[in-house]
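An overview of the molecular structure
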Amino acid sequence: MKTLKKNTIALLLTTFLFLGLSQVHAQQKQNESSHANSKGPHGGKVEKAGTFYAEALIKEGKAMFYLLDGKANTLPNSGVTGSVMLMFPDGSMKTITLIPEGSEGFVVNEPKAVTYTQAVVAFKMNSKTVTAKFNAVSSAADEHSGHRH
């Protein structure tokens, strides 16, 4: 009888431990993916870029991109280079080198860039390259006014 109680207690403890670890693992996975498809620190759309994140937005008539760390905090643009391949509504594509803007962002020096339907941005730092794919984003002004053009 004592052996049965000990075995039952051990089984229950093992079950609770397993369930607790499973819940912790699920919570960690949710936290990791919670930044993707959310608003970034500059109000743009955020997508996963390897172990980093990238943020895209249209601001003041310009397509802007930011590299974010694993917690979705903006990283400085010094020592980082980038390019973006843009796809447009007419089916054309263009690859453009990103130009540093301020101390954190990158701007696309192409007036047509704000009309992209898809963008694949690549950031290179040291010898590591990370990429992220975005569907069309609306401008910050459109987001604040509650409508899109």
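Everything that follows concerns the structure shown earlier in this document.
Report follows, based on the coordinates. Note that this is a predicted model, so its numbers are computed, not measured.

Cut-off values and rules
- Residues numbered from 1 in each chain as written.
- Predicted model: local features only at pLDDT ≥ 70, side-chain atom pairs only at ≥ 80, totals over all residues.
- Heavy atoms only, no water.
- Core = buried A, V, L, I, M, F, W, Y, C linked by side-chain atoms within 4.5 Å.
- Buried < 20%, exposed > 50% of the residue type's maximum accessible area, 1.4 Å probe, protein only.
- Helix = DSSP H or I, 4+ residues; strand = E, 2+ residues; numbered from the N terminus.
- Contact = heavy atoms within 4.5 Å.
- Pairing = 2+ DSSP bridges.
- Axes fitted to C-alpha atoms, helices over the stretch in contact; angles between N-to-C directions.
- Phe/Tyr/Trp six-rings, centres within 6.5 Å; stacked < 30°, edge-to-face > 60°.
- Salt bridge = Lys/Arg side-chain N within 4 Å of Asp/Glu carboxyl O.

**Comments concerning the nonpolar core**
In this structure, Phe65, Tyr116 and Phe123 are the most contacted members of the largest nonpolar core, which totals 26 residues. Contributions of two or more residues to this core are made by β2 (52-59), β3 (62-68), β4 (80-87), β5 (93-101), β6 (105-108), β7 (118-125) and β8 (128-135). Not counting residues up to four positions away in its chain, the partners in contact with Tyr116 are Ala56, Ile58, Phe65, Leu86, Met87, Phe88, Phe134, Asn135, Ala136 and Val137. In this structure, Val46, Tyr53, Leu68 and Ala72 belong to the second largest nonpolar core, which totals 8 residues.

**With respect to the sheet that holds β7**
If you walk across this open sheet you meet the 8 strands as β1-β2-β3-β6-β5-β4-β7-β8, and the pairing is antiparallel. Two strands in the sheet have a free side with no partner beyond their single neighbour: β1 (45-49) and β8. In this sheet, adjacent strand axes meet at a mean angle of 25° when their direction is disregarded. Strand direction decides the pairing type here: β4 and β5, joined by 5 bridges, are antiparallel.

**Some remarks on the packing of aromatic side chains**
Scanning the entire structure with this criterion turns up 2 aromatic pairs. Ring geometry for Phe106 versus Phe123: centroids 5.4 Å apart, planes at 50°, classification tilted. Highlighted residues: Phe106 in strand β6 and Phe123 in strand β7, separated in sequence by 17 residues. Phe106 gets classed as buried once you look at its relative accessible area, which sits at 1%.

**Let's talk about the environment of Gly105**
Structurally, the position occupied by Gly105 is in strand β6. On the accessibility criterion, Gly105 (2% relative accessible area) is buried. Those residues in contact with Gly105 that sit more than four places away from it in its chain are Phe65, Tyr66, Asn77, Ile99 and Pro100.

**Topic: the pairing of β2**
Regular strands show a simple pattern: their side chains alternate between the two faces of the sheet. Here β2 lies mainly inside the structure; 7 of its 8 residues are buried. With 5 bridges connecting them, β1 and β2 associate as antiparallel partners. Following the sheet pairing, Glu47 is matched in β2 by Ala54. Counting the residues in the hairpin turn of β1 and β2 gives 2 residues, including Gly50, whose phi is positive at 65°. Both β2 and β3 contribute to a ladder of 7 bridges, which runs antiparallel. Counted as the bridge partner of Tyr53 is Leu68 from β3.

**Focus: unusual backbone geometry**
In the Ramachandran plot, Glu60 falls in the positive-phi region, its phi being about 50° despite a non-glycine side chain. By the secondary structure assignment, Glu60 is in the loop between β2 and β3. Judged by its relative accessible area of 71%, Glu60 is exposed. Its identity is not glycine, yet Asn126 carries a phi of approximately 55°, on the positive side.

**So, the pattern of salt bridges**
Summed over all chains, the structure comprises 4 salt bridges. In this structure, Lys45 and Glu47 form a salt bridge, with 3.8 Å as the shortest nitrogen-oxygen distance. Classification of Lys45 as partly exposed rests on a relative accessible area of 25%. Accessibility expressed as a relative area gives 14% for Glu47, which makes it buried.

Scope: geometric values only; no functional claims are made or implied.
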